[in-house]
Amino acid sequence: NAGVTQTPKFQVLKTGQSMTLQCAQDMNHNSMYWYRQDPGMGLRLIYYSASEGTTDKGEVPNGYNVSRLNKREFSLRLESAAPSQTSVYFCATTGARNEQFFGPGTRLTVL
Amino acid sequence: QKEVEQDPGPLSVPEGAIVSLNCTYSNSAFQYFMWYRQYSRKGPELLMYTYSSGNKEDGRFTAQVDKSSKYISLFIRDSQPSDSATYLCAMSATGGFKTIFGAGTRLFVKA
């Protein structure tokens, strides 16, 4: 039982490059989330998926797209990376009591 | 004004001290209150969970919720160097899909 897994763990991109961050959960939860975490800013919600087949914007969606591939997987895509997207990205799911379970994170640097 | 306010610290205490961490919030609809612990370069992990008002104790940790004052607290007794981490408060409303996080308080416990 791995919980929430994320790949890759680290990534360095050049401005303008694209990439997809992958997230998978084996907790059988319906809701999945993507956050970014920056110093002094806390966790900011990028996109979330309340259930398979639905996605909604969060607080900071600009420059990102998401795909809820199935109940287990939720990916985050950067189409044209910018230095402002340098951050640590966390995927999370929500349990029955509204508590969130987080993956280990992806550290992204955009040069 | 942010929905959730949390002093970022850092807070430095000697081993064995009692630590008090706090958050204030503005949304009276919040019913689920959580504390997460995040070690450096790791994802947040759920530490304490409280529904509505009241206290909850788990070992050295006590979580308190005062809905009338819109104030939540986390107390750590007999603090240990292994408690050195960032502590994030979080809260959500019934039926809501979004969890709002505080910015996190960095705690250092000196041996």
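Residues numbered from 1 in each chain as written. Chains lettered and ligands numbered in written order. Predicted model: local features only at pLDDT ≥ 70, side-chain atom pairs only at ≥ 80, totals over all residues. Heavy atoms only, no water.

Caption draft 1: Region of the structure containing the state of the cysteines. All names here are of chain B. One pass over the structure, following the stated rule, counts 2 disulfides over all chains. Here C23 connects covalently by a disulfide to C89, the sulfurs 2.0 Å from one another. Across the disulfide from C23 to C89, rotation about the S-S bond amounts to roughly -100°, and the bridge is consequently left-handed. Here C23, found in strand β3 (residues 19-25), pairs with C89, found in strand β9 (residues 85-93); they are 66 residues apart in sequence, far enough to count as distant. For the residue pair C23 and C89, the accessibility class agrees, reading buried in each case. (Disulfide = S-S within 2.5 Å. Helix = DSSP H or I, 4+ residues; strand = E, 2+ residues; numbered from the N terminus. Buried < 20%, exposed > 50% of the residue type's maximum accessible area, 1.4 Å probe, protein only.)

Caption draft 2: Spatial organisation of the interface of chain A and chain B. Taken together, the 21 residues of chain A in the interface contact 21 residues of chain B. Carbon and sulfur atoms make up 55% of the area that chain A and chain B hide from each other, which totals about 1700 Å². In terms of surface lost to chain B, no three residues of chain A exceed L43, R97 and N98 of chain A, which account for 31% of the buried area on that side. Taken together, the links from chain A to chain B amount to 0 salt bridges. Where chain A meets chain B, there are 5 residue pairs in polar contact (both at pLDDT 80 or more). Sort the elements by how many residues they give to the side of chain A that touches chain B and strand β5 (residues 42-49) of chain A lands first, with 4 residues. Here the residues of the side of chain A that touches chain B are counted per class, giving 10 nonpolar, 7 polar and 4 charged. (Contact = heavy atoms within 4.5 Å. Buried area = accessible area lost by both parts, 1.4 Å probe. Salt bridge = Lys/Arg side-chain N within 4 Å of Asp/Glu carboxyl O. Polar contact = N/O pair within 3.5 Å; in protein donor to acceptor, adjacent residues only side chain to side chain. Nonpolar A, V, L, I, M, F, W, Y, C, P; charged D, E, K, R; others polar.)

Caption draft 3: Structural context of the sheet that holds strand β3 (residues 19-25) of chain A. All names here are of chain A. Here we have 4 strands laid out as an open sheet, ordered β1-β3-β8-β7, and antiparallel in their pairing. Lying at the two open borders of the sheet, with one neighbouring strand each, are β1 (4-7) and β7 (64-68). Averaged over all pairs of adjacent strands, the angle between strand axes in this sheet comes to 20°, irrespective of strand direction. Relative to strand β8 (residues 74-78), β7 is paired through 5 bridges, and the arrangement is antiparallel. Each bridged residue has a counterpart across the sheet, and for V66 the counterpart in β8 is L76. (Pairing = 2+ DSSP bridges. Axes fitted to C-alpha atoms, helices over the stretch in contact; angles between N-to-C directions.)

Caption draft 4: Here's a closer look at the environment of M32 of chain A. All names here are of chain A. Among the secondary structure elements, M32 is positioned in strand β4 (residues 32-38). Residue classification places M32 among the buried positions, given a relative accessible area of 0%. Between the C-alpha atoms of M32 and R72, which are 40 residues apart in sequence, the distance is 8.8 Å. If near-sequence neighbours (up to four positions away) are discounted, M32 is found in contact with C23, Q25, Y48, S49, R68, K71, R72, E73, F74, C91, A92 and T93.

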